[in-house]
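Letter by letter, the chains look like this.
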Amino acid sequence: MSNREWPLWEVFIRSKQGLNHKHVGSLRAPDATLALENARDVYTRRSEGISIWVVESNYVHASDPSDSDSMFEPSDTKVYRHPTFYEVPDGIKHM
Amino acid sequence: MKTMDLQELEKRFQEKIDKEIKIEPNDWMPDEYRKTLIRQISQHAHSEIVGMLPEGNWITRAPNLRRKAVLLAKVQDEAGHGLYLYSSVETLGADREATIDDLHSGKAKYSSIFNYPAVTWADIGTIGWLVDGAAIMNQVALCRCSYGPYARGMVKICKEESFHQRQGFESLVTLCNGTPTQKAMAQDAMNRFWWPALMMFGPSDDESPNSAQSMKWKIKRFSNDELRQSFVDATVPQAEILGLTIPDPNLKWNEETGHYDFSPINWDEFWQVVNGNGPCNKERIEARTKAKEEGMWVREAAMAYAEKRALKKTA
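Chains are numbered independently. Their residues run from 1 in the order of the written sequence. Both sets of labels track the order of writing: A upward for chains, 1 upward for ligands. A pLDDT threshold of at least 70 governs which residues receive local features in this predicted model, and a stricter bar of 80 or more applies before side-chain atom pairs are shown or counted, although totals over entire chains, interfaces and linings include all residues. Note that water and hydrogens are dropped before the side-chain values are worked out from all heavy atoms of the structure.

**Concerning the interface of chain A and chain B**
Quoted interface sizes are often the accessible area lost when the parts come together.
Moving on, step 1. Contacts between residues were defined by any pair of non-hydrogen atoms, one from each residue, lying within 4.5 Å. Listed by partner, the interface residues are 21 residues for chain A and 27 residues for chain B.
Moving on, step 2. Here the quantity called buried area is the total loss of accessible area, with a 1.4 Å probe, experienced by two parts when brought into contact, counted for both. When the two sides are added together, the surface that chain A and chain B hide from each other amounts to roughly 2000 Å², 53% of it contributed by carbon and sulfur.
Moving on, step 3. Think of a salt bridge as a Lys or Arg side-chain nitrogen and an Asp or Glu carboxyl oxygen that are within 4 Å of each other. At the surface where chain A touches chain B, the tally comes to six salt bridges.
Moving on, step 4. Across the salt bridge formed by R28(A) and E90(B), the nearest N and O atoms sit 2.5 Å from each other.
Moving on, step 5. For the purposes of these results, a polar contact is taken to be a pair of N or O atoms within 3.5 Å, where, inside protein, one atom must be able to donate a hydrogen and its partner to accept one; residues adjacent in sequence count only when each atom of the pair is a side-chain atom. On the surface where chain A and chain B come into contact, there are 10 residue pairs in polar contact (both at pLDDT 80 or more).
Moving on, step 6. In this text, helices come from DSSP runs of H or I with a minimum length of four residues, and strands from runs of E with a minimum of two, each type numbered from the N-terminal end. Every element with two or more residues in the side of chain A that touches chain B is listed here: β2 (21–28) and α1 (32–43) of chain A.
Moving on, step 7. Of all the elements, α1(A) adds the most residues to the side of chain A that touches chain B, at four residues.
Moving on, step 8. Note on residue categories: nonpolar means Ala, Val, Leu, Ile, Met, Phe, Trp, Tyr, Cys or Pro, charged means Asp, Glu, Lys or Arg, and polar means any other residue, Gly included. The class makeup of the residues in the side of chain A that touches chain B is 11 nonpolar, three polar and seven charged.

And the structure:
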């Protein structure tokens, strides 16, 4: 019996033209061609997509959730990056 | 890790759960939470895959092309559901093939309902109506599970499964409006599947020692008995519409509680089937083991082909 498993692939689907590809799950396949075909059968049985990307999971690099406080803190403290931070005088309708 | 650290991590983990923040694969989680999920999700995956067997047997025997196409689509869905769930298990660091080997060795369980045979065409309708109905009741509750990948998988599965229950019910409506023989066949299927369907929700709350922890971790949202009661309450009116009799002389509406009362469940039968002595346990595991062993050359050939092509590309 084989000890070598098929590699793991992450599956991304564009649900319709104009939208991003979105991660939907993963699957195992021996190569990219079969990963795409399997992704079609496993993740788009009900017209969920018009385009599929598959990426070998090995190649995904992720941020560490335990670092997320320091990683994302710089953005949390900069409220002036949002339009609601600014006061607009009465009488101005659209800005 | 120091003990203090561990306590602090566990405290923070529970705070996240209490605040309804989902747990994602790389987040810290207690070992026991991980283990519980690996056990539960892999057994759920096995149930989807083993569940293909009783129905798959009827694909070539479906009474017409419409029913055949529907059954084929349903069985294909079950395969897909198994795959979503095995993917979820892998996000917890479990080895997919090892969980499958645990199924084949008898170490891992699967839903005991699939150890009952589907002997007539009415069984196929009844499985869709009662077995998928009970599964949906369970799975809808799991859509809010604290573990993100499992909850997301459940949302997708529930969307797809609502057709499973409807096609079964529709098939039974046809049989129940058919000849007396067809109606009798539907009643016979009901008689055999009613109690095993109620057992699908698992042991009573007082016999289910791990439930409290699973509820605290929000892996489970409702107890086995609560879900079982919801299923009975939802199903009795459907049986009335079919004109089928539920095989329980004590089943009756309780004005006070606002629920149906029903007889105690035969837990001896449940444990017999769980522990391997149901009508089809041996057959099911043999079929799964055979599929893996005899299909192994296909996996190996596909891998060899992929490697050969990769070599050609670099050459």
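More follows now that the structure is in view.
**Focus: the confidence of the model for chain A**
Regions with low pLDDT should not have their predicted coordinates read in detail.
Moving on, step 1. Looking at chain A, pLDDT values average 92 and 97% of them are 70 or higher.
Moving on, step 2. You can read pLDDT as the predictor saying how much it trusts each residue, on a scale of 0 to 100. Confidence, read as mean pLDDT per element, is least for helix α2 (residues 68–76) of chain A in chain A (88) and greatest for strand β3 (residues 51–56) of chain A (98).

**Concerning the pattern of salt bridges**
All names here are of chain B.
Moving on, step 1. Tallied over the entire structure, the rule returns 31 salt bridges over all chains.
Moving on, step 2. Between K16 and D27 there is a salt bridge whose closest N-O contact spans 3.4 Å. Linking K16 in helix α1 (residues 3–18) with D27 in the loop between α1 and α2 (31–50), this pair joins segments that are 11 residues apart in sequence.
Moving on, step 3. Overall, the relative accessible area of 26% leaves K16 in the partly exposed class.
Moving on, step 4. The partner of R66 in a salt bridge is E170, and the shortest N-O contact between them spans 2.7 Å. Residue R66 is located in helix α4 (residues 65–91), and its partner E170 is located in helix α7 (residues 148–176); the two are separated by 104 residues in the primary sequence.
Moving on, step 5. Exposed residues in this analysis have more than 50% of their type's maximum accessible area, buried residues have under 20%, and partly exposed residues fall in between, with area computed by a 1.4 Å probe over protein chains only. In this structure R66 comes out as partly exposed when scored by relative accessible area, which is 49%.

**Some words on a positive patch on the surface**
Moving on, step 1. There is a patch of like positive charges on the surface, built from K308(B), R309(B), K312(B) and K313(B).
Moving on, step 2. Relative to the elements of secondary structure, K313(B) occurs in helix α12 (residues 281–314). Distance thresholds for patches are 9 Å for like charges and 5 Å for nonpolar side chains (Val, Leu, Ile, Met, Phe, Trp, Tyr), applied to residues having over 30% relative accessible area and no salt bridge. Only the protein chains shown count as cover for residues, with accessible areas throughout obtained via the Shrake-Rupley method and a probe of 1.4 Å. Asp and Glu are treated as the negative residues and Lys and Arg as the positive ones, with His and the ends of the chain left uncounted. Each charge is placed at NZ for Lys, CZ for Arg, CG for Asp and CD for Glu.

**Description of unusual backbone geometry**
Moving on, step 1. The backbone phi angle of S47(A) is positive, close to 55°, even though this residue is not glycine.
Moving on, step 2. Structurally, S47(A) is set in the loop between α1 and β3.
Moving on, step 3. Notably, E20(B) is not glycine yet its phi reads approximately 65°, a positive angle.
Moving on, step 4. Structurally, E20(B) can be placed in the loop between α1 and α2.
Moving on, step 5. On the basis of relative accessibility, which here comes to 42%, the residue E20(B) falls in the partly exposed class.

**Some thoughts on the sheet that holds β2(A)**
Each strand in a sheet pairs with its neighbour through backbone hydrogen bonds, running either in the same direction (parallel) or in the opposite one (antiparallel).
Residues and elements named next belong to chain A.
Moving on, step 1. Taken in spatial order, the three strands of this open sheet run β2-β1-β3, and their pairing is antiparallel. Each edge of the open sheet carries a strand with a single partner, namely β2 and β3. Put simply, the sheet's adjacent strands are angled 25° from each other on average, direction ignored.
Moving on, step 2. When DSSP finds two or more bridges between a pair of strands, those strands are recorded as paired. Direction of pairing for strand β1 (residues 8–14) relative to β3: antiparallel, over a ladder of six bridges. Counted as the bridge partner of E10 is V55 from β3.
Moving on, step 3. Here, axes are lines fitted to C-alpha atoms. For helices the fit covers the stretch in contact, and angles between N-to-C directions go from 0 to 180 degrees. Where α1 meets the sheet, its contacts fall on β1, β2 and β3, and the angle it forms with β2 comes to roughly 110°.

**Section: helix α10 (residues 224–242) of chain B**
Residues lying three or four places apart along an α-helix face the same way, a consequence of the helix completing one turn every 3.6 residues.
Residue and element names in this part refer to chain B.
Moving on, step 1. Each residue after the first adds 1.5 Å to the expected span of a helix. With 19 residues, α10 extends 27 Å from end C-alpha to end C-alpha; this agrees with the ideal 27 Å at 1.5 Å per step.
Moving on, step 2. One fitted axis covers the seven residues ending at a residue, a second covers the seven starting there, and the bend at that residue is the angle between these axes. Approximately 25° is the largest bend angle found in α10, and it occurs at T235, with the proline P237 only one to four residues beyond.
Moving on, step 3. For α10, every residue scored as buried is listed here: N224, L227, R228, Q229, F231, V232, D233, T235, V236, A239 and L242.
Moving on, step 4. The elements touched by buried residues of α10 are α6 (121–142), α7, α8 (180–199), β2 (259–261) and α11 (267–277).
Moving on, step 5. After α10 finishes, the residue G243 shows a positive phi value of roughly 75°.

**Digging into a negative patch on the surface**
Moving on, step 1. A cluster of like negative charges, contributed by D205(B), D206(B), E207(B) and E226(B), occupies part of the molecular surface.
Moving on, step 2. With respect to the secondary-structure elements, D206(B) resides in the loop between α8 and α9 (211–216).

**Thoughts on the environment of W53(A)**
Residue and element names in this part refer to chain A.
Moving on, step 1. Relative to the assigned elements, W53 resides in strand β3.
Moving on, step 2. For W53, a relative accessible area of 49% gives the class partly exposed.
Moving on, step 3. Through-space distance from the C-alpha of W53 to that of H23 is 9.1 Å; in sequence the pair is 30 residues apart.
Moving on, step 4. Among all residues touching W53, those that are not within four sequence positions of it are E10, V11, F12 and H21.

**What about the nonpolar core?**
Moving on, step 1. Joining through side-chain atoms within 4.5 Å is the link that ties buried Ala, Val, Leu, Ile, Met, Phe, Trp, Tyr and Cys residues into a set, and such a set is a nonpolar core. W129(B), L130(B), M190(B), W194(B) and F231(B) are the most contacted members of the largest nonpolar core, which has 50 residues in total.
Moving on, step 2. Of all elements in the fold, only α4, α6, α7, α8, α10 and α11 of chain B reach the threshold of two or more residues within this core.
Moving on, step 3. It is α6(B) that contributes the most residues to this core, 10 residues altogether.
Moving on, step 4. Setting aside residues no more than four positions away along its own chain, L130(B) makes contact with M190(B), F193(B), W194(B), A197(B), F231(B) and T235(B).
Moving on, step 5. Core analysis: the next-biggest nonpolar cluster, separate from the first, contains 38 residues, A29(A), L37(B), Y86(B) and A151(B) among them.

**With respect to the packing of aromatic side chains**
Moving on, step 1. In this scheme Phe, Tyr and Trp rings, the latter by its six-membered ring, pair at centre separations within 6.5 Å, and the angle between planes marks the pair as stacked below 30 degrees, edge-to-face above 60, and tilted otherwise. This model, assessed by the stated rule, comprises 13 aromatic pairs over all chains.
Moving on, step 2. Among the aromatic residues, those joined into a ring-pair cluster are F13(B), W28(B), Y33(B) and W217(B).

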